[in-house]
Amino acid sequence: MKVWVSLVFGLVLSFFISFLLGFVIIPELRKLKFGQTILDIGPAWHKSKQGTPTMGGIMFIISTVVSFAIVIITDKLLGGNLIASGSVVEDSVKVKTFAGILMALGFGIIGFADDYIKVAKKRNLGLTIKQKSTAQILLMLAYLGALYMSGNTYMNIPFVGNVDLKWFFWFFGMGVIYLTVNAVNFTDGVDGLCGSVTASAALAFVVIATLKGFFGVGILASCLAGGCIGYLIWNWHPSKVMMGDTGSMFLGGMVVALAYAIDCPLIILFLGIIYVIEMLSDLIQIGYFKATHGKRIFKMAPIHHHFEMCGWKEVKIVIVFTIINIIGSIIGVALFYYGAK
C-alpha cells in the first residue's frame, strides 16, 4: 500500500469509527449515569456541565487502536511492511511503536479507574495521589524498560544528532512522561480544547514521521488525529460528552509514544506547546501563591480558565490555543527538518 494512501486511510477510518461510536457510547454513558462531576474550585459557570457524560475518550481510544490495526493488517495482506519501513533496525521500530501503544492504553486504564471511582463511587477526587502516582510510575518503568532492553537509550536533538543518554535515560524519561501526561490532563478543561490541540500535534507527528521514513509511526499518528477529530464533533461546545481522565491520560501517553518513536522526545516542547503553557501556568500560579502568601498572577489556573474569567468564550479559547499549537508544530517540524543530522 502506498504511504499516502495508508495515512489518509488511517485518518478517515479512525474519524468515522470515533464519530459513529458516539451514537452508541454516549447513550450508554447516560444510561449508566456516568456524568461529569464539576468541582467547586472550577469556574462557577461550568456547573451547567454537571452530569455531562464522561469517559468519552473511549471513542478515540478504540478508533485509534482499531484503525491502526486495520491499516497495518491490510498493508500486510497486500505484501507491504509499513510498520518498519525506513528503519535500519526493524525490531527497534516495532518495540517503540507497540510498547508506546501499550503504555498509552495503560494510562487510559488508570484514567478509567480514576473516572469510575468519581462517578460510580461518588468520590470527587477519584484515585488517591498515592494510588495514581504508584500506577503511573510502574507503567513508566515498564515502558522505559522495554526501550532500554531494545537499545533505545538515545535521543535525537536537532542540529546535534543522536545522543546516548546512558544512565540519564531513566531520569529523563520518567520526567518527560510524567510531565507530558499530566500536562495533557491539565489541558482538558474547556470543550474541544484537548482534542483540538492533540489533533494538531498528531498531524505534525505525521509529517515528521513521514519525513524520517517511519511510516508505521506516521500511520499511528494519523489514526490518532482522525480519532480526535471524530470525537470533537461530540465534544465541541456545548459538549455532549467529555473525554475524562480516561481520554486525556491516553492522549498524553500517545504524545509521548509518538515522540519517542521518532527518537525526539524534546519535540513535545514545540508540537505540544499548549501543553507546556498549561502546565507552566499552573506551576507559576502555585509557586507565586506560596511565595507571596496568597497573591495570584492569573485569575485562575490552568491558563485557559484565566481567559475564561477575562470574558473569552470557550470556542474562542479553543481556536486561539489551537492556532498557537499549530504555529509551535510548524516550528517543530522546521527544526526537525533543517536540523536533521
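Here we summarise the structure given alongside this text. (Residues numbered from 1 in each chain as written. Predicted model: local features only at pLDDT ≥ 70, side-chain atom pairs only at ≥ 80, totals over all residues. Heavy atoms only, no water.)

Turning our eyes to something else, we now look at the overall build of the protein chain. The helix and strand inventory of the protein chain stands at twelve helices and two strands. Each helix and strand of the protein chain, ordered N terminal to C terminal, gives the series α-α-α-α-β-β-α-α-α-α-α-α-α-α. Relative to a compact globule of 341 residues, whose C-alpha radius of gyration would be 20 Å, the protein chain shows 19 Å and is just as compact. Each principal axis of the C-alpha atoms in the protein chain carries an extent, and together these give about 55 × 45 × 35 Å. Among the 341 residues that make up the protein chain, the fraction classed as buried is 53%. A separation threshold of at least 6 residues defines the contact pool for the protein chain, and within that pool the share at least 24 residues apart is 75%. (Helix = DSSP H or I, 4+ residues; strand = E, 2+ residues; numbered from the N terminus. Rg over C-alpha atoms; globule rule 2.2 N^0.38 Å. Buried < 20%, exposed > 50% of the residue type's maximum accessible area, 1.4 Å probe, protein only. Contact = heavy atoms within 4.5 Å.)

By the definition in use, this model includes 19 aromatic pairs. On the basis of an interplanar angle of 85° and a centroid distance of 5.9 Å, the ring pair of tyrosine 143 and tyrosine 260 is categorised as edge-to-face. Here tyrosine 143 is found in helix α4 (residues 129-149), whereas its partner tyrosine 260 is found in helix α8 (residues 244-261), with 117 residues between them in sequence. Judged by relative accessible area, tyrosine 260 falls into the buried class, the value being 6%. Between tyrosine 148 and tryptophan 170, the ring centres sit 5.4 Å apart and the planes meet at 45°, which makes this aromatic pair tilted. Of this pair, tyrosine 148 sits in helix α4 while tryptophan 170 sits in helix α5 (residues 168-187), placing them 22 residues apart in sequence. (Phe/Tyr/Trp six-rings, centres within 6.5 Å; stacked < 30°, edge-to-face > 60°.)

Attention shifts here to helix α6 (residues 193-212). Helix length check: α6, at 20 residues, gives a terminal C-alpha distance of 29 Å against a target of 28 Å (1.5 Å per residue), a fit within 8%. Residue glycine 213 follows α6 closely and has a positive phi angle near 90°. (Expected span 1.5 Å × (residues − 1).)

On to the nonpolar core, then. Counting residues in each nonpolar core, the largest one holds 91 residues, and the members touching the most others are Phe107, Ile177, Phe205 and Leu251. Those residues in contact with phenylalanine 205 that lie beyond four places of it in its chain are Ala221, Val255, Leu258, Ala259, Ile262, Ile267 and Leu271. (Core = buried A, V, L, I, M, F, W, Y, C linked by side-chain atoms within 4.5 Å.)

Pairing geometry for strand β1 (residues 154-157) and strand β2 (residues 161-164), over four bridges, is antiparallel. Following the sheet pairing, isoleucine 157 is matched in β2 by glycine 161. Counted along the chain from β1 to the antiparallel partner β2, the turn is three residues long, and its residue phenylalanine 159 has a positive phi close to 70°. (Pairing = 2+ DSSP bridges.)

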